[in-house]
Each structure stands twice: as structure tokens, then as C-alpha cells.
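# Results of the structural survey
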Amino acid sequence: MKTCATIITRSSIFIFLLIIIACNNTNQPSEKTNEEKKAKIPVPSFNADSAYTFVKQQVDFGPRVCNTPAHEKCAGFLAEKLRSYGAKVAVQEGLVAAYNGTQLRIKNIIASYKPSAMSRVLILSHWDSRPYADHDPDPKNHDKPIDGANDGASGVGVILEIARQVSISSPTIGVDLLLVDAEDYGPPQDQMKNEDTSDWWGLGTQYWAKQQHAAGYSARYGILLDMVGAPNATFLMEAVSMNFAPSVVKNIWSAGNNIGYSDYFIFEQGGAITDDHLFINKILNLPTIDIIHLDRTSQTGFYPYWHTVKDDIQSIDKNTLKAVGQTLLTVIYREQ
Ligand code: AHN
Ligand code: ZN
């Protein structure tokens, strides 16, 4: 027989449960469902073998130093490849003065997907290679050009594989892939030592930032890839990126960690680097970050073969290309 007390207890438990359900439906869980929805968006699998082939194809032209036939041929290869993956491709040609007065014929190559979409993301890397191995342990190599398998070709290889993936299945947002020229024509190590030489780097990016390929260009944010192919690379949270676009850095580092690449994307602040992203932030005001291999234990602060003749195809590791490429695809495809 039910007593009055049991009825009261039962109904109060019922009401209590209703309150809990009601609360659950209003507060944070709606955010949670958004996150959950995002996590269910399928992300294509980045093919590191394909990216590696793209790195090798660039290196096989020889050093892509401005004003050389290898540079000219590689530009044609890159533009053609991007066109073959269905992008709208623009080649921006220009003449810029190097630190030593040399006039450099530059080509910035821009591949756009969904060019009329308002919501876009910009991914960039430099495609030229440095004319001097000025950090080589052997001084006889200091005036030799480098292959730049890691310094240049690795970022471009990742970008070409992203183009291939986007051509197969389209993400919601528009994507611009920008291959900038003449990043690495800065003065050799022992010249102009006591001057600020920042503006002699990133010449192609400076050119593009002052006049984009499309009038009124804008994007939500930009991601620069620099030296993303060495074995066991460590990507510290570079200081210029943290200054101009901290939330973009944190979002990408979280995405990388969530899918298992915590050995690469390290939640530690690194130093400030004069790199292409600096000019895009300063000139265009477009929040842009740098995924760059920073190594606290090496002499230069970069990967050990930086600006040496050993920056060749042998120094490229597919695992690093995969970590960076898969993280980027995750970020791009989950952007709504
Ligand atoms: C300077 O050494 C001033 N900046 C490094 C940017 C760079 C060179 N990235 C690749 N090569
Ligand atoms: Zn370099």
C-alpha cells in the first residue's frame, strides 16, 4: 500500500529529474553538441606518399633560385599542377630588388577554390630556395645554392597534397593556396650583420601583401608552413604568431594534439621569426600564423640542416608531412 510519504518522495524525485533534464538542455551542452557535430565532419586522409613525391619533384628541378632556369621551370610545374586539381590559378609576376641590388624576377602563384565564397582560409609557403648555404659547417659551401627540400619544398608539397584532396571532396569554406617567391634571398650571414635586415626576407610576400591577386581580398586567417618535413620536427608556438593571432595558433595546436600529433605540435612559446607571416600581419592586417620547425637545442634555433647543403631530399620524413597535412585538413574541413 502506498503511503502519502512515498507518493511525495516519488513525485519529488520526478520533478528533480525534470529539472536536471531541463538544465542540461539549456546551458553548455548546446556548445558541446556543436563540438560533437564538428568532430563528426569527415576529414579526408592526407596522403604523405603523395606529398613526398611533390617535394621530390620540386627538388629534382635543382635549386629554385630566382633568375635561374630551374626556378622558371618549377614555377610552370606548380601552376600546372594546381590547375590540374581544378583550382582557379593566378600567377603574379613582378620585379623586386634584392639586398645587393639584383633585380629578381618573381612569381607568386595563387590557387583558389570557391573563389566567390566569403568565408575563406589562406595557406601559404615559399617555393623559392636559398642561393647560399651560408650556415653550412664547411665554409666552401657558403656560396652554393641549397636544394631546400625542407626549407621551401616541404611546405609546398603539403599544400599540393591539400589541393589534390580539395579537388576530390570540397570543404565548406573557400581555400586559397599561396606559393610565394623570393622568401629566402636575404643577405648572407656574414653581411650587414649590424643592420636590421628583416625587410630583405619575404620579398614575394611583401609584394603580394601590397597588391593581392584579387581586389579586396580577405580571409578569416592565414597559415604559413615553413620547414615542415624534417624528422621529429617540433613546432613551438612562434612569437609573432602568438602576438597577432593567438586563437588561431591554439586552435591548430589543439587539432593536432587531438588527432595524435602532440610530439609535433608543442604547447610552448618559441621565439619571434621574421617570416612571410610577419608581412601579411603587418601590411594586410590578416591574422596569420607560422607552423615552423623551431629547435631549442640546435645552434641556429632551426632544424640542424637549415641553410646547409644537407637540406636535401634525404632529410625529408613522411611522418612529419603527415602530421602537418592531416592537422591542416582537420582544421579546414571542420571550418563552417
Ligand atoms: C631569418 O633568418 C631572418 N628568417 C628565417 C626565415 C626563413 C628563412 N625561413 C626559411 N628560411
Ligand atoms: Zn631559408
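Just above sits the structure.
Structural notes, computed from the coordinates. (Residues numbered from 1 in each chain as written. Chains lettered and ligands numbered in written order. Predicted model: local features only at pLDDT ≥ 70, side-chain atom pairs only at ≥ 80, totals over all residues. Heavy atoms only, no water.)

### A few points about the overall build of the chain
Applied cut-off: Secondary structure elements are taken from DSSP: a helix is a run of H or I of four residues or more, a strand is a run of E of two residues or more, and numbering for both begins at the N terminus. The contact rule is simple, with two residues in contact once any of their heavy atoms fall within 4.5 Å. Residue burial considers only the protein chains on display, and all accessible areas are found by Shrake-Rupley using a 1.4 Å probe. Positive charges come from Lys and Arg, negative ones from Asp and Glu, while His and the chain ends are left out of the count. Charged side chains are reduced to one point each, which is NZ for Lys, CZ for Arg, CG for Asp and CD for Glu.
Tallying secondary structure elements over the chain gives ten helices and eight strands in all. Partitioning the intrachain contacts of the chain with sequence separation of at least 6 by distance along the chain shows that 79% fall at a separation of at least 24. Carbon and sulfur atoms form 54% of the exposed surface of the chain, whose accessible area is close to 15,500 Å². Put simply, the chain has 30 plus and 36 minus side-chain charges, and the middle of one group is 11 Å from the middle of the other.

### Notes on the state of the cysteines
In plain terms, the rule: When two cysteine sulfur atoms are found within 2.5 Å, that pair is recorded as a disulfide. Buried means the residue's accessible area, taken with a 1.4 Å probe over protein chains only, is under 20% of the maximum for its type, while exposed means over 50%, and partly exposed covers the values in between.
In the structure shown here, the tally under the stated rule is zero disulfides. With no disulfide of its own, C66 lies closest to C74 among cysteine sulfurs, the gap being 11 Å. Residue class for C66 comes out buried when judged on its relative accessible area of 4%.

### Here's the deal with the sheet that holds strand β1 (residues 88–97)
For clarity, the cut-off: By this definition, two strands are paired if DSSP reports at least two bridges between them. In this analysis an axis means a line fitted to C-alpha atoms, helices contributing only their contacting stretch, and an angle means the value between N-to-C directions, from 0 to 180 degrees.
Taken in spatial order, the six strands of this open sheet run β1-β2-β4-β3-β5-β8, and their pairing is mixed. Each end of this open sheet is capped by a strand with a single partner; those strands are β1 and β8 (288–292). In this sheet, adjacent strand axes meet at a mean angle of 20° when their direction is disregarded. When strand β3 (residues 120–126) meets strand β5 (residues 221–226), the two strands line up parallel, connected through four bridges.

### Observations regarding the coordination of the zinc ion (ligand 2)
Heads up, the condition is: Only nitrogen, oxygen and sulfur atoms within 2.8 Å of the metal, or 3.2 Å for Na, K and Ca, are treated as donors, and water is left out, so sites may look incomplete.
Protein coordination of the zinc ion (ligand 2) is provided by D151 (OD), D184 (OD), D184 (OD) and H307 (NE2), with donor distances spanning 1.9 to 2.6 Å. Each donor residue of the zinc ion (ligand 2) lies on the same chain, and together they follow the pattern D-x32-D-x122-H. Of this pair, D184 sits in the loop between β4 (174–180) and α6 (203–210) while H307 sits in the loop between β8 and α10 (318–333); the two residues are 123 residues apart in sequence, bridging distant segments of the chain. No difference in accessibility class separates D184 from H307, as the two residues are buried.

### Some details on the layout of surface pockets
What counts, and what does not: A pocket here means an open set of points on a 1 Å grid, computed over the protein atoms alone, that has protein on both sides within 12 Å along at least five of seven lines. A cavity is instead a set of points where a 1.4 Å probe fits but cannot get out; residues with an atom within 4 Å of a point line either one. Grid points are joined across faces, edges and corners, and a volume is the space filled by probe spheres set on the points.
Quantified by volume, the largest pocket comes out at close to 460 Å³. For the largest pocket, the lining is made up of 26 residues, of which W201, T274, F302, W306 and H307 are closest to its centre.

### Some words on the side chain of S125
Mapped onto the elements of the fold, S125 is located in strand β3. Using a relative accessible area of 1% as the deciding quantity, one classes S125 as buried. Each residue touching S125, except ones within four places of it in the same chain, is listed here: G152, G155, V156, I159, L178, L179, V180, L224 and L225.

### Focus on the nonpolar core
Our working definition: In this text, buried Ala, Val, Leu, Ile, Met, Phe, Trp, Tyr and Cys residues form a nonpolar core when linked through side-chain atoms within 4.5 Å.
Core analysis: the biggest nonpolar cluster contains 62 residues, and I162, L177, L225 and I291 have the highest contact counts within it. Top contributing element to this core by residue count: helix α5 (residues 149–168), with nine residues.

### Quick word on the packing of α5 against α10
Put simply, the test is: In this scheme, roughly parallel covers angles under 35 degrees and roughly antiparallel covers those over 145, while 65 to 115 is roughly perpendicular and the rest are oblique. In this scheme, a crossing is called left-handed if the near helix is turned counterclockwise away from the far one by less than a right angle; it is called right-handed if the turn is clockwise. Residue classes follow a fixed rule: Ala, Val, Leu, Ile, Met, Phe, Trp, Tyr, Cys and Pro count as nonpolar, while Asp, Glu, Lys and Arg count as charged, and any other residue, Gly among them, counts as polar.
Put simply, α5 and α10 touch, their axes get as near as 10 Å, and they point 45° apart. As the angle between them shows, α5 and α10 are arranged oblique. By crossing handedness, the relation of α5 to α10 is classed as right-handed. Counting all contacts with α5, which are made through S154, V158, I162, Q165 and V166, the residues of α10 involved are L321, V324, G325, L328, L329, I332 and Y333. Of the residues that constitute the contact of α5 with α10, the class distribution is nine nonpolar, three polar and no charged.

### Looking at the pairing of β8
Where burial is concerned, most of β8 is hidden: five out of the five residues are buried. Both faces of β8 are covered, namely the face carrying T288, D290 and I292 and the face carrying I289 and I291. As defined by bridge partners, β5 adjoins β8 across five bridges and the pair is classed as parallel. In the strand pairing of β8, L225 is matched with I291.

### A few points about the pairing of β3
The buried fraction of β3 is high, at seven of seven residues. Of the strand pairs in this sheet, β3 and β4 are connected by seven bridges, and their pairing is parallel. Residue pairing for β4: R120 is matched across the bridge by G174.

### Examining the site of ligand 1
Here is the rule: Near residues are defined by distance, with any heavy atom within 4 Å of the molecule or strand qualifying the residue. Definition of a polar contact: a pair of N or O atoms within 3.5 Å, with one able to donate and the other able to accept a hydrogen when the atoms are protein atoms, and with sequence-neighbouring residues admitted only if both atoms are side-chain atoms. To be counted as sitting in a cavity or pocket, a molecule needs more than half of its atoms within 2 Å of that site's grid points.
Taken together, the neighbourhood of ligand 1 is formed by D151, E183, D184, W201, D226, I273, T274, W306 and H307. At 3.5 Å, a side-chain N or O of E183 approaches a nitrogen atom of ligand 1. Measuring from a nitrogen atom of ligand 1, one finds a side-chain N or O atom of D226 at 2.7 Å. A total of 320 Å² of accessible area belongs to ligand 1 in isolation, and the protein chains cover 88% of it. Taken atom by atom, the bulk of ligand 1 overlaps the largest pocket. Considering only residue class, the shell around ligand 1 consists of three nonpolar, two polar and four charged.

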